[in-house]
Amino acid sequence: MMKFERTLALRFLREGRMQTALIVGGTSIGVSLIIFITGVLTGVQADLISRTLGTQPHIVVRPPDEVNHPQFQEGYSPVVFATAQARAQRLRSIDQWQYLADELAALPEVVALTPTVSGPGFVLRGEVDKSITVVGIDPQPYSRVTKLDEKIVTGSLTLNPDDAIIGVELAKDLGVSVGDKIHLQTARSAGNAFKVRGVYDQGNREANRRFVYVNLRTGQAILDLAGGASSLDIAVKDIFAAATITAALRQHTDQKVESWEETNRELFTALSNQTIMTRIVRSFVAIIVAIGITSVLVVSVVQKQKEIGILRAIGASRGDILRVFLLQGAIIGIAGAVCGSMVGTGLMALGSRVLRAADGSALFQVHLSPGLYAGAMLVALVFGLLAATVPARRAASLDPARAIRV
Amino acid sequence: MMAPPIITLEGIRKTYNEGTPIAQEVLHGVSFTISEGEFTALIGPSGSGKSTLLNILGLLEPASSGSYHLNGQEVAQASEDQRTRARLSTLGFIFQFHHLLPAFTAVENVLMPGLMRDREYTPARRAEALALLEAVGLAHAASKKSTALSGGMQQRVAIARSLILTPKIVLADEPTGNLDTQTADDIFALLRRFNKERGTAFLIVTHDPRLAERCDRKIRLVDGVIAEDLHGSVP
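Let me begin by describing the structure that accompanies this report. (Residues numbered from 1 in each chain as written. Chains lettered and ligands numbered in written order. Predicted model: local features only at pLDDT ≥ 70, side-chain atom pairs only at ≥ 80, totals over all residues. Heavy atoms only, no water.)

1. Observations regarding helix α3 (residues 106–118) of chain B
For clarity, the threshold we go by: Strands are runs of DSSP state E lasting at least two residues, helices are runs of H or I lasting at least four, and both sets are numbered from the N terminus onward. How far a helix is expected to stretch is found by multiplying one less than its residue total by 1.5 Å. Two axes define the bend at a residue: one fitted to the seven residues ending there, one fitted to the seven starting there, and the bend is the angle between them. The cut-offs for exposure are 20% and 50% of the maximum accessible area for each residue type, with area from a 1.4 Å probe on protein chains only; residues under the lower value are buried, those over the upper are exposed, and the others partly exposed. Should any heavy atoms of two residues lie within 4.5 Å, those residues are counted as being in contact.
Between its first and last C-alpha atoms α3(B) spans 19 Å; for 13 residues at 1.5 Å apiece the expected length is 18 Å, and the two agree. Along α3(B), the sharpest kink reaches roughly 45°, centred on B:M112 and followed within four residues by the proline B:P113. Among the 13 residues that make up α3(B), 11 are buried, leaving the element largely enclosed by the rest of the structure. Of the positions making up α3(B), those classed as buried are B:A106, B:V107, B:E108, B:N109, B:V110, B:L111, B:M112, B:P113, B:G114, B:L115 and B:M116. Check the buried side of α3(B) and you find it contacts α1 (3–15) and α11 (305–313) of chain A together with α2 (80–90), α4 (123–135) and α5 (151–163) of chain B. Positive phi appears at B:R119, one or two residues downstream of α3(B), with a value of about 65°.

2. Description of the interface of chain A and chain B
Put simply, the test is: Buried area counts how much accessible surface, traced with a 1.4 Å probe, disappears from two parts once they are put together, with both parts' losses summed. For this document, the term salt bridge refers to a Lys or Arg side-chain nitrogen within 4 Å of an Asp or Glu carboxyl oxygen. Each polar contact in these results corresponds to two N or O atoms within 3.5 Å; when the atoms are within protein, one needs to be able to donate a hydrogen and the other to accept it, and residues that are neighboring in sequence are counted only if both atoms are side-chain atoms. Gly is put with the polar residues, along with every residue not named as nonpolar or charged; the nonpolar set is Ala, Val, Leu, Ile, Met, Phe, Trp, Tyr, Cys and Pro, and the charged set is Asp, Glu, Lys and Arg.
Residue-level contacts link 25 residues of chain A with 27 residues of chain B. Between chain A and chain B, the buried area comes to about 2,300 Å², and carbon and sulfur atoms account for 64% of it. In this assembly, chain A and chain B are joined by five salt bridges. A salt bridge links A:R318 to B:E80; the nearest nitrogen and oxygen atoms lie 3.3 Å apart. Seen at the junction of chain A and chain B, the total is eight residue pairs in polar contact (both at pLDDT 80 or more). Residue classes in the side of chain A that touches chain B are distributed as 10 nonpolar, three polar and 12 charged.

3. A few points about the sheet that holds strand β1 (residues 5–16) of chain B
Heads up, the condition is: Here, any two strands with at least 2 DSSP bridges between them count as paired.
Within the open sheet, the four strands sit side by side as β2-β1-β4-β5 (chain B). Their pairing is antiparallel. Each edge of the open sheet carries a strand with a single partner, namely β2 (24–35) and β5 (73–74) of chain B.

4. Some points on the sheet that holds strand β9 (residues 217–222) of chain B
Residue and element names in this part refer to chain B. To keep it simple, the criterion reads: The angle between two axes is taken between their N-to-C directions and runs from 0 to 180 degrees, where each axis is a line fitted to C-alpha atoms and a helix contributes only its stretch in contact.
Across the sheet, which stays open at both edges, the six strands sit in the order β6-β7-β8-β3-β9-β10 with mixed pairing between neighbours. Both edges of this open sheet fall to β6 (91–94) and β10 (225–231), since each of them pairs with a single strand only. The average undirected angle you get between the axes of adjacent strands in this sheet is 15°. Where strand β3 (residues 39–43) and β9 come together, four bridges link them in parallel fashion. Residue pairing in the sheet places A41 in a bridge with K218 of β9. On the sheet, helix α6 (residues 181–198) packs against β3, β6 and β8 (201–205) and is oriented at approximately 155° with respect to β8.

That is the geometry; function is a separate question.
The following block contains the structure:
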């Protein structure tokens, strides 16, 4: 297909070897930069998100805050209080949580759902007492939501009625390890002795000190929420759809629904801003590349005026000439994308070795998605074609009678 | 019996910068007919309108008024597309400065009009191109870059190119203009040979009275009008 156009486009590019090499080189650098920036950003963000969300559900459903309800009497205008003292929020269960859990679990976006109870408590061992958060969980579904099972470093995620799982920092503070006994106490229960069944590391020192996991029923008992659930923790398929799903759930229930974006607003804003900034940088790189291609082709049209005139005189149509130059733009774009993809991949591999996170581990994992390369290829092709439009039209509109006399 | 006409011009006028104060009419109603197989010289002093007339005949620029029948079709007011198609199917071109494509070899240059029409290199067309190169005595230079050829050789390649699609008529703009006498004679002889062997008509613009004398017909253009139209060549 397009043998004539292809033959001429390739020959013209080959004839202007130096120009072609330079512009393909320039395009490659641009594409590699785009690939590198996108790859690193995706990697770093994915890593950050998985580190953060590894310990958090994507969506949490909690009972609504308790508010003051002024009493109304018939015939009186509504009472307006000058000041109203907000009510203290006690630990409560979600009303009828089993029904709500069943309904939510049936939604197609929801991949896992688990009820939990959590509240303040103390852990005591000998002379030491530490303030902690007691979390009552059902280990299997809970792991599907937060991947706690992957974070167990010693022992196992088994929770019999008097078992507990604690974090590495707390274990260190208390000087305990798997098999040792600790004493858990809450404001509502004098507490019991628990056997440490497992020790987890969530990659966050504060979390490793704070959360003590117990069996759901045990948690309900010691937090005085018999049969209750203080929250429903949900994992969804697409974490970036969490906000939309959350909004939909709010329509559906009176309970308080929060997505991970809301819980981690700082992180989420930082990520979005980072994405916007990268998008701007990428757009500018693409525009610079396009301008480069345009200028090289404009020069080429001027240099090839006479040849274009001959071709037109011996029977090439305006369309033929237009396609010859558009094709040159496309070829430069594709060649640049192929070279750029290779260089960009190399840069990424290098970056993942050299760039380190605070804890010394690699800052990001290289995520080589075929979509990224396909995208780069498509963008380069489209920009190559767009960049060639002006020179191609100029070439096609050359007056052959004048061009051959140049 | 008269051979059928290929080109019929009637009252062709050409004005440059029409409708402006600097408008200038360079052709003032030119009429003539060229029949199949004719070997015609178009002569005249510089500025007489030869190049303009050749451009109009070659459909490279339109006439301001008058009618132009090419191979039985009125083309004076034809669209850009129709004119391009007519150039490819009916006309061959030879330019003064050879005008080969420097990025291509001799045989590729000869094949170029074929590639435009067929949209691919066909074996038959390639064989035809090689035969033409052989006919112009350049079989050995077929795969040489056109820039590596001498002026005379380049012009012979251009002749081969003008004939590849077996046009009815070849328009030649001073084909021997910048060649030495011996080479010019060779080139002229070649054109003559193709005219005899293949029946292709030639319209040759030339300054060289010696060559013009050897054509079957001489059309002399002076100040945009035909001053003389003589049939019969000096043997």
